[in-house]
Amino acid sequence: MVLALALFTNSSCSCSSMMFHPYPLNLSHSLQLSLHSSSTLYPQHEAQALFSVTKTNIKSQPFNKECFRSSVHAFLQCCCSSSLAITDVELGTLFSLFREMGIVYEETQLLLLNNPDLTLVSMDSLRARVLCLQSLGLDRVALNYLVMKRPTVLTDKEIDTLLNFLRDELEGQLEQAQLKRFLSVTEPRFFVGFPQKIQLLVDRGIPVDKVVHVLNKINLTKALCHRSMDEIDRIITFLEPFGGISLIIRWPAILNYDLDNQLIPKIKVLTQLNGGDVRDVGKVLHKFPAILSYSVKHVEQHVELLKSFANLDDQEIFKLILEFPAIVTNSRERKLRPRIQFLKECGLDSGDIFKFLIKAPLFLAHSFRENIACKLVFLVKIGYKYRTKDLAMAIAFTTRSSCENIQKVITLFLSYGFSCEDIVNMSRMQPQILQYNHTSLEKKMKYLIEEMDRDIEELLVFPAFLGYKFDDRIKHRYEVRKSISGGGMSLNKLLTVSTERFDKRKKASALGNLN
């Protein structure tokens, strides 16, 4: 499409004498600056008239597109070098290229006003740059955003090496959102050395097939571009005792942290708790690397609460963090303090509290209203006394089960003729009984009665029966035993003997039958 803009003409105005501001600059102000610096081109009264017309067009409604185009044409005449005249057809191609990215006519004009270098680059170069960006996975919407936010992405020469590296070496595998963010916020001068920094990651042990995974999960500008090779190398070296490369692959965001002001102080809190055992600290970081996203003060306040309120020592606190590092995510006043207070009211001392929390750390995380309170109601209804150690232990063994499942388990036992007192007694002997899946329990109980021809009341003596795997232990052993001696054996002897001893007995019985 041939535009109404005339050919760029010779002009005594130099682009280097102009003052350009990033989009969106007030157009009337931009024109005022340009006309002020171009007095040799425009007589004073003509310049004033041009400025007045443009200002009127911008403020008036509806928008006068033709006057706007005329004003832009005059401004572009001033901005372009006489040695780089451009035809209407070439301008049309330029506008068409921007339109393909979803940038409308008026937006393109403003881009040219604020970024005249776009008119000084050949169409072949612009087209090649756009195609290169598309080959990296940027779609029309992403290109629109990128060019509007940083138009120089189409003209900066410093970006060529980076784009070629991303396309040829990384095979364009950076995620679109990551690439768009990276190119839009990073100054071109920081792209220098980017390929070498990626090579450093590979040289230090990150597998080639994991590099893109790491790059897609970090802040490329902060973690790589704003750091020297030595700084990146120092971070990797510091992390080596705590898991090093495996930790980085597990949680690439760790590379975003500042070594001296963040990583060292945060990890120091953990190493001081366990007496400097870096291997166990590494286990905590690998299990829950997001612990590093919390401030030193935040973690120290959790530690202090466990010391002063639960009377735990450093080693116990570290063991608790090792078992349940997400403890730092729980509110101290809304969850930790009330839960510990409840355990104290149940008669648990500091040693009991430690054992409880190691066994059932989720007790600190569950919602009281929707989870813990519901379970307390069920337990008290079947006969557990409130604020007792028995109740606390029962709660510990129900943390991994839902309220719905516990209710179905209790209902199942009642349907088989057990009383509430029987359920409490069985759960004291086999505390996990209330957290077993109710469907699995029913399958085992039916097999006990219908296939093994046993009395259901045998569970009162040996409730551990319900904890063994059905196919691999219960059914297999019963069928083997039945084939040898008719199955006449107590549940305890049938299931508790080790696999090795059971197999020996099976072989001995088989040999005896042969003899």
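### Some words on the pattern of salt bridges
Part 1 of the argument: Scanning all chains against the criterion turns up 16 salt bridges.
Part 2 of the argument: Between D160 and R129 there is a salt bridge, with the nearest N and O atoms lying 2.4 Å from each other. Placement of the pair is D160 in helix 8 (residues 159-168) and R129 in helix 6 (residues 123-135), with a sequence separation of 31 residues.
Part 3 of the argument: For D160, a relative accessible area of 33% translates into the label partly exposed.
Part 4 of the argument: For R129, a relative accessible area of 8% gives the class buried.
Part 5 of the argument: Beyond isolated ion pairs, a larger network of salt bridges with shared partners links R204, D233 and E240.

### Considerations on the environment of S427
Part 1 of the argument: By secondary structure assignment, the location of S427 is in helix 24 (residues 420-429).
Part 2 of the argument: In sequence terms S427 and A464 are 37 residues apart; their C-alpha atoms lie 9.7 Å from each other.
Part 3 of the argument: Non-local contacts of S427, meaning those with residues more than four positions away in its chain, are made with Y384, I433 and L434.

### So, helix 6
Part 1 of the argument: Across its 13 residues, helix 6 extends 18 Å between first and last C-alpha, which sits within 8% of the 18 Å expected from 1.5 Å per residue.
Part 2 of the argument: Looking only at helix 6, the buried set comprises M123, L126, R129, V130, C132 and L133.
Part 3 of the argument: Just downstream of helix 6 lies G137, where phi reads positive at about 105°.

### Quick notes on the confidence of the model for the chain
Part 1 of the argument: On average, residues of the chain carry a pLDDT of 84, and 81% of them reach 70 or more.
Part 2 of the argument: Taken element by element, the predicted model of the chain shows its lowest mean pLDDT in helix 1 (residues 27-36) (38) and its highest in helix 13 (residues 229-239) (98).
Part 3 of the argument: Throughout residues 1-63 the model reports pLDDT below 50, and contacts reaching past four residues in sequence, or to other chains, amount to 96 contacts.

### Some thoughts on the nonpolar core
Part 1 of the argument: Residues L183, F194, L215, L224, F356, F413 and F465 are the most contacted members of the largest nonpolar core, which totals 148 residues.
Part 2 of the argument: With sequence-adjacent residues up to four places away left out, F413 is seen in contact with F418, I423, M426, I433, L441, M445 and L466.

Cut-offs and rules
Here the residue numbers are simple positions, counted from 1 along each chain's written sequence. Where local features are concerned, this predicted model is filtered to residues with pLDDT of at least 70; where side-chain atom pairs are given and counted, the filter is 80 or more; whole-chain, interface and lining totals use all residues. Calculated side-chain values reflect all of the structure's heavy atoms, with hydrogen atoms and water omitted. Salt bridges are identified by distance alone: a Lys or Arg side-chain nitrogen within 4 Å of an Asp or Glu carboxyl oxygen. Only DSSP runs of H or I with at least four residues qualify as helices, and only runs of E with at least two residues qualify as strands; both kinds are numbered from the N terminus onward. Here's how the labels work: a residue is buried when its accessible area is under 20% of the maximum for its type, exposed when over 50%, partly exposed in between, all with a 1.4 Å probe on protein chains only. Should any heavy atoms of two residues lie within 4.5 Å, those residues are counted as being in contact. In this scheme, a helix's expected span is set at 1.5 Å multiplied by one less than its residue total. On a range of 0 to 100, pLDDT expresses the predictor's confidence in each residue. Side-chain atoms within 4.5 Å link the members of a nonpolar core, which is a set of buried Ala, Val, Leu, Ile, Met, Phe, Trp, Tyr and Cys residues.

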